[in-house]
Amino acid sequence: MLARRTVVWRLAAAAGTRCRAHSSTRLSVDASLAVMGLSHGASPTEVKLRFYELAKLTHPDAVRDAPPTAGQPTFVEVLSAFEVLVAEEAAAAASAGATAPNAAARGGAGPARRTSRAAAARRKKTLSEVLCERLEEEPSAAMAVWTDLKQRELPLNEATMDLLFRACARSGGLPAAEAVMREAVGLLTPSVRAAALVSLIKWCKEDKSSFEKIMNLVDEAERTPEEMEYMSYANFLYSGVDGYSK
């Protein structure tokens, strides 16, 4: 199943690349809005939320072996439309606030180049990672996103858990992160669980008491000398001058 899903995802990414290489123009803004099911005047937040909703329906991790739904765009089409709308918004914002020296003149990357880089990275991400992107601007949605990932039984990797705990640190704190970790029992591979515990320390540990709470999440069977050394090193690595961040 995993091998087949990977092949489908790579073919989809390749198809998107071929479409851009053989097309003289991108989708128009009107066509992009139509693909996304949005109207003119949609806010950046509305565009992003709509992208995440369509990703849940069209991403290869969601589609798997199911036959395509008639009239439903593919993930490549959704992503292409999203890229156009994000680039349009970035260009408009840059034009409206063009008070600083031109980015290209400084040797930096302009809005279009940054958007292209983000889109290229997004094509390689799992659906879990794509959905967790929402948390960068909306950390308060951490528990809602986590519930969605569980219900959809999506694969969870190190990047996904790191994004979740980073959001928890900004909204909900250690109690929210602890809840995620407890609910993730049985859903993570040993290596991902070990990495998740380190991310939990990195983002949510504040003092000795909080570190002890995180350690309480480690089962007795997991408390091998290697694992305990791993956790102790993480505690040292992500500590302040006094041994803790606070």
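Going by the structure above, here's the rest.
Rules behind the numbers
Residue positions are given per chain, counting from 1 as you read along its sequence in written order. Totals for whole chains, interfaces and linings use all residues, but because this is a predicted model, local features are given only for residues with pLDDT of at least 70 and pairs of side-chain atoms are given and counted only at 80 or more. Values shown for side chains rest on all heavy atoms present in the structure; no hydrogens or waters enter the calculation. Here the nonpolar core consists of buried residues drawn from Ala, Val, Leu, Ile, Met, Phe, Trp, Tyr and Cys, with membership extended through side-chain atoms lying within 4.5 Å. Note on classification: 1.4 Å probe, protein chains only; a residue is buried when its accessible area is under 20% of the maximum for its type, exposed when over 50%, partly exposed between these limits. By definition, residues are in contact when any of their heavy atoms lie within 4.5 Å. Helix and strand definitions here come from DSSP, where helices need a minimum of 4 consecutive H or I residues and strands a minimum of 2 consecutive E residues; each element is numbered from the N-terminal end. By this rule the span expected of a helix is its residue count minus one, scaled by 1.5 Å. In the sections that follow, a salt bridge refers to a side-chain nitrogen of Lys or Arg positioned within 4 Å of a carboxyl oxygen of Asp or Glu. Without a salt bridge and with relative accessible area above 30%, a residue can belong to a patch; like charges are then joined within 9 Å and nonpolar side chains (Val, Leu, Ile, Met, Phe, Trp, Tyr) within 5 Å. Here the open area of atoms and residues is found with the Shrake-Rupley method and a 1.4 Å probe, where only the protein chains shown may cover a residue. Each axis is a line fitted through C-alpha atoms, taken for helices only over the stretch in contact, and angles between the N-to-C directions span 0 to 180 degrees. An angle below 35 degrees is treated as roughly parallel, one above 145 as roughly antiparallel, one from 65 to 115 as roughly perpendicular, and anything else as oblique. In this scheme, a crossing is called left-handed if the near helix is turned counterclockwise away from the far one by less than a right angle; it is called right-handed if the turn is clockwise. Three categories are distinguished: nonpolar for Ala, Val, Leu, Ile, Met, Phe, Trp, Tyr, Cys and Pro, charged for Asp, Glu, Lys and Arg, and polar for the others, with Gly belonging to the last.

A. Seen up close, the nonpolar core. In terms of nonpolar packing, the biggest core is built from 52 residues, with Met36, Phe51, Leu149, Met161 and Leu200 touching the most fellow members. Contacts of Met161, omitting those with residues within four sequence positions, involve Leu156, Val180, Leu188, Val192 and Ala196.

B. Seen up close, helix 3 (residues 44–58). The terminal C-alpha atoms of helix 3, which comprises 15 residues, lie 21 Å apart, in line with the 21 Å expected from a rise of 1.5 Å per residue. Residues Val47, Phe51, Tyr52, Leu54, Ala55, Lys56 and Thr58 constitute the buried set of helix 3.

C. Expanded view of unusual backbone geometry. Here Glu153, not a glycine, exhibits a phi torsion of approximately 55°, which is positive. Judged by relative accessible area, which is 63%, Glu153 ranks as exposed.

D. Broad picture of the pattern of salt bridges. Tallied over the entire structure, the rule returns 11 salt bridges. Its salt-bridge partner being Arg134, residue Glu138 comes within 3.0 Å of it at the nearest N-O pair. A salt bridge links Asp148 to Arg152, with the nearest nitrogen and oxygen atoms 2.8 Å apart. Looking at Arg152, the relative accessible area reads 34%, which means it is partly exposed. Here the residues in one salt-bridge network are Glu53, Lys56, Asp148 and Arg152, joined through shared partners.

E. Inspection of the environment of Leu54 at higher detail. Considering the arrangement of structural elements, one finds Leu54 in helix 3. Overall, Leu54 belongs to the buried group, its relative accessible area being 6%.

F. Main features of a nonpolar patch on the surface. A surface patch of nonpolar side chains, amounting to about 370 Å² of accessible area, comprises Tyr233, Phe236 and Leu237. Mapped onto the elements, Tyr233 comes out in helix 13 (residues 225–237).

G. The packing of helix 3 against helix 5 (residues 75–96), seen in detail. As a packed pair, helix 3 and helix 5 sit with axes 10 Å apart at the nearest point and diverge in direction by 170°. Taken together, the axes of helix 3 and helix 5 are roughly antiparallel relative to one another. For the pair helix 3 and helix 5, contact is made by Pro44, Val47, Lys48, Phe51, Leu54, Ala55 and Thr58 and by Phe75, Val78, Leu79, Phe82, Leu85 and Glu89, respectively.

H. Expanded view of the packing of helix 12 (residues 208–215) against helix 13. Running from N to C, helix 12 and helix 13 point in directions that differ by 155°, and their axes come no closer than 12 Å. On the basis of their axis angle, the class for helix 12 and helix 13 is roughly antiparallel. Considering how the two elements wind past one another, helix 12 and helix 13 form a crossing that is right-handed. Across the interface between the two elements, Phe211, Ile214 and Met215 from helix 12 touch Met228, Met231 and Asn235 from helix 13. Class assignment for the residues of the contact of helix 12 with helix 13 results in 5 nonpolar, 1 polar and no charged.

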